[in-house]
Amino acid sequence: MTNETSTETRVDRVIEERKTTDPQTQVESDSATGSVPGVIETKDMSVYYGDFRAVADVSLDFGRNEISALIGPSGCGKSTVLRSLNRMNDLVATARTEGQVHYHGQNIYAEGVDPVEVRRTIGMVFQKPNPFPKSIYDNIAWGAKINGFRGNKSEMEDLVHEALVGAALWDEVKDKLGDSGYSLSGGQQQRLCIARAIAVKPDVILMDEPCSSLDPIATLRIEELMLELKENYSIIIVTHNMQQAARVSDKTAFFNVKLDDSGMRTGRLVEYSPTEQLFTSPREKDTEDYITGRFG
Amino acid sequence: MTVTAPERESGQRDGQFPTEDEYQGQLGRRTRRASWFQAACLLALVIAVLALATLLYTIINDSFGLVAIVNQNDPEDIVAGLGHDPEVFTIADLSYDEMVDLLEANVSSGVGRRLEREQRFYEHRLVFEDEGTWTEICASDAPPTGCTAGPRDQANLAALVQERVVMPDVIASYQLVPSLLRPEEFEREVEQGFAAGRFTDHTLDQVEIEWRAWFNPTFLVTPQNSTPEVAGIRTAILGSAWLVLITVLFAVPVGVGAAIYLVEYAKQSRMNDFIQTNINNLAGVPSIIYGMLGLAIFVRVLEPFTSGAIFTEGVPPSEDGRTIIAAGLTLGLLTLPVVIISAQEALKAVPDSLRHAGLALGATRWQTVRSQIIPVALPGILTGTILAVARAIGETAPLILVGAASFITTDPTGPFSKFTALPIQIFQWTSYPQQEFHNIAAAASVALLVLLLTLNAVAVILRNRYSRRAE
């Protein structure tokens, strides 16, 4: 993708094109050529931390308006892969990504692509709920403000309302929008973070073990929410919980740690299939061992 | 009384752990050792508290006490002479006109003219000078300050009356504690002093023994004077205030900016490690070295700037670079590493999850830092900064090198004027042999301590208020 010309607004342009093109016809034309209508596609992506290769040669294609799950044992690089998809790994000083990550055909690692722009389009929800130490209202309004939201006060209120409804949190917080985000329970905080993420109108939401610090009931609510969000967003989720992957995802990628030629432990993609297929008739022996609980 | 578990079958590790009897012996030793260390730590605390108490005692002891005072003109007589009740009326309560009349009656016309040229008494009327001469000297090449400055105020005039009319002379003073415990002994000492012919200027019946608080409101608002009885620290307080202002204006933006860069933007590299190490080292450089730097750079090299010459075309407000701005920048440099380090610590204490949250929403680094990181780090930054500035207020060595004037009676008018500062004033007064100077030095120390404690209290309050809000 070195022959890219204007890089400034490439991602924006893709979004514009997506809006103007009828999604159905796009899907049909894609399926006509036999390829999956992907939103993010990685090609031979490897991520290094210094000299250590954390994950190697990952080629994945995440579908639009689908939930894709990344599963695998600890240290297999699934979170690393997820953070590479919106360039959050750039924040680790020693991290380096090789290969390509395409968002609607555009390499987000191409020279001149501003990671700020990438992250605004590909949002993220983290393992531990991390609301800002501000009011519930400001938690949501801030993202819109910094991204140049031009609406007036009542339009901003509408946006906050819409995001909170979208994150299934409105009924619980509608009377206390001025309270600190920290005053909410863990599950509510996580839904606030989801509301915050969808308020900037992203296209893809990455979720890094979003339920790992929540109790089963809060987890269930988030899972229900994810199924609702799927209507409008593409979701990629990392989870330790295989049942969760089985419950919510459309496709599942299984990663495993393998020793490479020099004896280094490197994460590799083992299998990527529709979720039902992966859990009922996995192609690979490793996958079968993992999902049946023989290791990991 | 011992607590023992029931017997168990012997296991593999029996030989490695002590037997029950051995354990009991060890336990006693361990407990004694623990209480010994507890006592040692308590002793350390007691020593620290005693040291602080001694410090306060010394200062307070010198700031209050009995004095043997001789007034050239008794203030009570003066007040009574003007028809007021001396029981309730003091010199400071006299009207402006009454005080001017007192001066006219008591000082020579030469001294009066000098005072008027220094600063006039009335805006539209001259007291000692005549109009002709006044117009003439004001039109001369070097007009005195009285030609341009506004008239004196009530406090200024009251101080003049004290100095020129009452002319108090403290011939002996006693510290607070002996004054409270054995006041009669002080009288006896004064009488013995007269008997031994030590106070030849006065006679015993002129002497009044009275209580004097050297640290009093008048002391705070009276300018510096060569007579300790009427000297105050107004000039020094204003000088210190100007220094703090310039120190803060320089050190806070530069220090916080550098800290933000180092914490939020700088990547791990040899160069940045080197810079970080040097900032840490700079924080430990003795203040006198900063004084030398200030003298070399701000006073000498940057003289056209620090003397204000480049701003005023021609005659600079002060003839060389030994001005408030030079000293303030020196103190700013001295404070800078501490501000950087404390701001860095405050920024590092903000969890990364907030940075990630901001960036994942498509915010730029600066938007994240400004809206999410700085508000959380602010109480820490403020606390560190205030403590650093409090340190700077007490600094003496660099000010001496940069050239604080030790004797200056006029208020500083701006960053390019000559100045003195509280610690300089204390240092200066302590170096005089007369006891009265030591008394006013102690009183000035009280003022300095109060100022520092106030600043520290503000730091604590800010920290508490903001950390409560962030929850």
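## Topic: the overall build of chain A
Okay, so step 1: Scanning chain A for helices and strands turns up twelve helices and ten strands.
Okay, so step 2: The long-range fraction of contacts in chain A, counting pairs at least 24 apart against all pairs at least 6 apart in sequence, stands at 70%.

## A few points about the overall build of chain B
Okay, so step 1: A count of helical and extended segments in chain B gives 20 helices and three strands.
Okay, so step 2: Dimensions of chain B, computed from the C-alpha atoms along their principal axes, are close to 110 × 65 × 40 Å.
Okay, so step 3: Long-range pairs, those at least 24 residues apart, make up 73% of the contacts in chain B with a sequence separation of at least 6.

## Some thoughts on the domain arrangement of chain B
Okay, so step 1: Split by domain assignment, chain B resolves into domain 1 (65-212) and domain 2 (234-470).
Okay, so step 2: Placing a centre on the C-alpha atoms of domain 1 of chain B and another on those of domain 2 of chain B gives a separation of 38 Å.

## Quick look at the sheet that holds strand β2 (residues 168-173) of chain B
Paired through backbone hydrogen bonds, the strands of a sheet run either parallel or antiparallel to each other.
All names here are of chain B.
Okay, so step 1: With antiparallel pairing, three strands are arranged side by side in an open sheet as β2-β1-β3. The sheet terminates laterally at β2 and β3 (208-213), the two strands that pair on one side only. Between one strand and the next, the sheet's axes are offset by a mean angle of 45°, whatever the strand orientation.
Okay, so step 2: The sheet contact formed by strand β1 (residues 64-71) and β3 spans six bridges and is antiparallel. Among the inter-strand pairings, isoleucine 69 is bridged to a residue of β3, identified as glutamate 208.

## Some words on the packing of helix α15 (residues 324-348) of chain B against helix α17 (residues 365-393) of chain B
Residue and element names in this part refer to chain B.
Okay, so step 1: Running from amino to carboxyl end, α15 crosses α17 at an angle of 150°, the nearest separation of the two axes being 8 Å. If you check the angle between α15 and α17, you find them roughly antiparallel. In this structure, α15 meets α17 at a crossing whose hand is right-handed. Residues Leu331, Leu334, Thr335, Val338, Val339, Ser342, Ala343, Glu345, Ala346 and Leu347 of α15 form the contact with α17, whose own contacting residues are Ile373, Ala377, Gly380, Ile381, Gly384, Thr385, Ala388, Val389 and Ala392.
Okay, so step 2: Tallied by class, residues from the contact of α15 with α17 come to 13 nonpolar, five polar and one charged.

## Some remarks on the pairing of strand β10 (residues 265-274) of chain A
Strand residues, when the strand is regular, have side chains that alternate between the two faces of the sheet.
Residues and elements named next belong to chain A.
Okay, so step 1: Both strand β2 (residues 52-63) and β10 contribute to a ladder of two bridges, which runs parallel. When the sheet's bridge partners are listed, alanine 56 is paired in β10 with arginine 268.
Okay, so step 2: Judged from the nine bridges that link them, strand β9 (residues 251-259) and β10 form a sheet pairing that is antiparallel. For alanine 253, the partnering residue across the bridge sits in β10 and is tyrosine 272.
Okay, so step 3: Once β9 ends, the chain turns through five residues before running back antiparallel as β10, passing glycine 263 with a positive phi of about 85°.

## Comments concerning helix α9 (residues 216-229) of chain A
Count 3.6 residues to each turn of an α-helix, and residues three or four apart come out pointing the same way.
Residue and element names in this part refer to chain A.
Okay, so step 1: With 14 residues, α9 should cover 20 Å at 1.5 Å per step; its first-to-last C-alpha distance of 20 Å lies within 8% of that length.
Okay, so step 2: Within α9, burial applies to Thr219, Ile222, Leu225, Met226 and Leu229. All buried residues of α9 lie within an arc of 120° about the axis, which places them on one face of the element. For α9, the exposed residues set more than 90 degrees away from the buried face come down to Pro216, Ile217, Leu227 and Glu228.
Okay, so step 3: Where α9 is buried, its residues meet β3 (67-71), α8 (186-199), β7 (204-208), β8 (234-238) and α10 (242-248).

## Some remarks on unusual backbone geometry
Residue and element names in this part refer to chain A.
Okay, so step 1: Even without being a glycine, aspartate 57 presents a positive backbone phi close to 50°.
Okay, so step 2: Locating aspartate 57 in the fold gives a position in strand β2.
Okay, so step 3: One non-glycine residue, lysine 201, lies in positive phi territory at about 55°.
Okay, so step 4: Take lysine 201: it is sitting in the loop between α8 and β7.

## What about the interface of chain B and chain A?
A common measure of how large an interface is: the accessible area buried when the components associate.
Okay, so step 1: On the chain A side, the residues contacting the 18 residues of chain B number 20 residues.
Okay, so step 2: Elements with a minimum of two residues in the side of chain B that touches chain A: α16 (352-360) and α17 of chain B.
Okay, so step 3: The residue inventory of the side of chain B that touches chain A, partitioned by class, reads eight nonpolar, eight polar and two charged.

## As for helix α4 (residues 109-118) of chain B
Residue and element names in this part refer to chain B.
Okay, so step 1: Every buried residue of α4 is listed here: Arg113, Leu115 and Glu116. Buried residues in α4, looked at end-on, bunch into an arc of 160°, giving them a common side.
Okay, so step 2: The inward-facing, buried residues of α4 contact α6 (154-166).

## A short note on the sheet that holds β7 of chain A
Residue and element names in this part refer to chain A.
Okay, so step 1: Judged by pairing direction, the sheet is mixed, and its ten strands sit side by side in the order β5-β4-β1-β2-β10-β9-β3-β8-β7-β6 without closing on themselves. Looking at which strands have only one partner, the edges of the open sheet turn out to be β5 (106-107) and β6 (122-125).
Okay, so step 2: Across five bridges, the pairing between β7 and β8 is parallel. Within the sheet, the bridge partner assigned to isoleucine 205 lies in β8 and is isoleucine 235.
Okay, so step 3: Across the face of the sheet, α8 comes into contact with β6 and β7 while running at roughly 170° to β6.

## Examining the environment of tyrosine 122 of chain B
Okay, so step 1: Topologically, tyrosine 122 of chain B is positioned in the loop between α4 and α5 (131-139).
Okay, so step 2: The spatial distance from the C-alpha of tyrosine 122 of chain B to the C-alpha of isoleucine 381 of chain B is 49 Å, given a sequence separation of 259 residues.

## Brief notes about the nonpolar core
Okay, so step 1: Within the largest apolar cluster, 84 residues are counted, with the highest numbers of intra-cluster contacts made by Ala327, Val339, Val402, Leu422 and Ala444 of chain B.
Okay, so step 2: The residue makeup of this core includes at least three contributed by each of domain 1 (65-212) and domain 2 (234-470) of chain B.
Okay, so step 3: If sequence neighbours within four positions are ignored, alanine 444 of chain B has contacts with Ile233, Ala236, Leu422, Gln425, Ile426 and Trp429 of chain B.
Okay, so step 4: Membership of the second largest hydrophobic core comes to 81 residues, among which are Val173, Leu206, Met242 and Ala245 of chain A.

## Section: the confidence of the model for chain A
Residue and element names in this part refer to chain A.
Okay, so step 1: Taken over all residues, the pLDDT of chain A has a mean of 85, while the share at 70 or more is 87%.
Okay, so step 2: In this model residues 1-9 is a low-confidence stretch, pLDDT under 50, and it forms seven contacts with partners more than four residues away in sequence or in other chains.
Okay, so step 3: Taken together, the stretch residues 18-36 has pLDDT below 50 and engages in eight contacts with residues farther than four places along the chain or on a different chain.

What counts, and where the lines are drawn
Residues numbered from 1 in each chain as written. Chains lettered and ligands numbered in written order. Predicted model: local features only at pLDDT ≥ 70, side-chain atom pairs only at ≥ 80, totals over all residues. Helix = DSSP H or I, 4+ residues; strand = E, 2+ residues; numbered from the N terminus. Contact = placed C-beta atoms within 7 Å. Domains from an automatic or database assignment. Pairing = 2+ DSSP bridges. Axes fitted to C-alpha atoms, helices over the stretch in contact; angles between N-to-C directions. Parallel < 35°, antiparallel > 145°, perpendicular 65-115°, else oblique. Left-handed = near helix turned anticlockwise from the far one by under 90°. Nonpolar A, V, L, I, M, F, W, Y, C, P; charged D, E, K, R; others polar. Expected span 1.5 Å × (residues − 1). Buried ≥ 20, exposed ≤ 12 C-beta atoms within 10 Å, placed from the backbone. Arc of directions from axis to C-beta. Core = buried A, V, L, I, M, F, W, Y, C linked by C-beta atoms within 7 Å. pLDDT = per-residue confidence, 0-100.

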